[in-house]
Amino acid sequence: MSAALIDGKAVAASLRERIADDVADFAASAGRVPGLAVVLVGDDAASAVYVRNKAAACAAAGIAGHEHRLPADTSEEALLAVVLGLNADPSVDGILVQLPLPPQIDASRILAAISADKDVDGFHATNAGRLATGLPGFVPCTPLGCLHLIRSVGPDLRGAEAVVIGRSNIVGKPMAALLLGADCTVTIAHSRTRDLPEVARRADILVAAVGRPEMVRGDWVKPGAIVIDVGINRIASTPGRTKLVGDVHFAEASAVARAITPVPGGVGPMTIAMLLANTLEAARRHAGLA
Ligand SMILES: Nc1nc(=O)c2c([nH]1)NC[C@@H]1CN(c3ccc(C(=O)N[C@@H](CCC(=O)O)C(=O)O)cc3)C=[N+]21
Ligand SMILES: [Mg+2]
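Quick notes on the rules
- Residues numbered from 1 in each chain as written.
- Chains lettered and ligands numbered in written order.
- Predicted model: local features only at pLDDT ≥ 70, side-chain atom pairs only at ≥ 80, totals over all residues.
- Heavy atoms only, no water.
- Near = heavy atom within 4 Å.
- Polar contact = N/O pair within 3.5 Å; in protein donor to acceptor, adjacent residues only side chain to side chain.
- Areas by Shrake-Rupley, 256 points an atom, 1.4 Å probe, with all protein chains shown as cover.
- Helix = DSSP H or I, 4+ residues; strand = E, 2+ residues; numbered from the N terminus.
- UniProt positions renumbered as here; feature names shortened; annotations may be inferred.
- Buried < 20%, exposed > 50% of the residue type's maximum accessible area, 1.4 Å probe, protein only.
- Contact = heavy atoms within 4.5 Å.
- Pairing = 2+ DSSP bridges.

Trainee: Requested: an account of the site of ligand 1, with residues and values cited.
Mentor: Residues in close proximity to ligand 1 total 17 residues, the closest being Val97, Gln98, Leu99, Asp121 and Gly265. Val97 places a polar main-chain atom, nitrogen or oxygen, 2.9 Å from a nitrogen atom of ligand 1. Here an oxygen atom of ligand 1 and a backbone polar atom of Gly265 are 2.6 Å apart. The fraction of the free accessible surface of ligand 1 (670 Å²) that becomes covered by protein chains is 78%. At the level of secondary structure, the elements contributing two or more residues to the shell around ligand 1 comprise α2 (45–61), β4 (94–97) and α10 (267–286).

Right, dumping it as structure tokens:
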């Protein structure tokens, strides 16, 4: 391996310490702590783990976590009522409705109902539009965390060739908008892109967010590139066991790249750190301290 390891866990830990300090300063000025409501519908095991991690991270940062667990058969109207209640609750600065939602619920209707000024996930169309047009708003946590990691190894992004593989509203599109905002030349590639390896090989900064285990091979990576792996795929390893791998074939890519994020310990911990940062920012705005 020749690439430097981008230690997302360590970067996230130091960010979280700074956020905890800033939360304490906020509480001293505002006379209250920031509040984050996390809504989980159903009992998907992986979602339950993320929600627990978010609750622990809030507690460590001094943010009040309000957890709402609803049964898997919750109706869209009932979930909507919960969201509207949180919109109206002044102790709640940020609202996160854990995705995916069960099939009887139209996720886009729920996301549209979250007050844009409490949308710390940055999934509301108003915040997506603000990001697309360069206005201040909430930026989705995963791409925001990726940008931090990229800047930690390559602070000057002007004119760099960036290729984002994946076009989701949650990662690919906002990631491209952030890189464009940093003056990169940005390509969004996806499952219909012709000759994906060739396109990927152009990248000085390669972000993989497709959800396909180890799809990006070593010969897709330009020598010296920065590689950011957003994928979190649980695959079978030795009989009866599973392991987490990214969307990048780590062993191959790390022989070619200049710097690369691991899975786990790369982008995932940054997502949670950015959620705390967005929640603090929401609280500052609500308190008139932004
Ligand atoms: N409304 C909403 N907002 C989200 O931000 C959201 C969501 N729904 N649904 C699910 C995905 C997934 N997600 C992760 C957050 C942290 C890790 C994380 O910390 N991962 C660790 C550990 C992974 C593990 O051990 O399972 C790591 O990569 O090192 C992973 C995944 C947030 N999501
Ligand atoms: Mg201080």
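After that view of the structure, there is still more to cover.
Trainee: Hey, could you go over the UniProt feature "binding site: NADP(+)" (unreviewed entry) in the protein for me, with residue numbers and the actual values?
Mentor: If you check UniProt for "binding site: NADP(+)" (unreviewed entry), the listed places come out as Gly166, Arg167, Ser168 and Ile232 in our numbering. Residue Gly166 is classed as buried on the basis of its relative accessible area, which comes to 5%. Non-local contacts of Gly166, meaning those with residues more than four positions away in its chain, are made with Gly172, Ile188, Ala189, Ala209 and Val210. For Ser168, a relative accessible area of 33% translates into the label partly exposed. Setting aside residues no more than four positions away along its own chain, Ser168 makes contact with Lys173 and Pro174.

Trainee: Residue-level account of the pairing of strand β7 (residues 205–208), with values.
Mentor: Both faces of β7 are covered, namely the face carrying Ile205 and Val207 and the face carrying Leu206 and Ala208. By the bridge criterion, 4 bridges tie strand β5 (residues 161–165) to β7 in an arrangement that is parallel. Counted as the bridge partner of Ala162 is Ile205 from β7. As paired elements, β7 and strand β8 (residues 226–229) share 4 bridges and run parallel to each other. Paired with Leu206 across the strands is Val227, a residue of β8.

Trainee: So what's going on with the side chain of Asp93? Which residues, and what values?
Mentor: With respect to the secondary-structure elements, Asp93 resides in the loop between α3 (76–88) and β4. At 2.9 Å, the side chain of Asp93 forms a polar contact with the side chain of Arg32. Apart from residues lying up to four places away in sequence, Asp93 is in contact with Arg32, Val33, Pro34, Gly35, Asp117, Lys118, Thr279, Ala282, Ala283 and His286.

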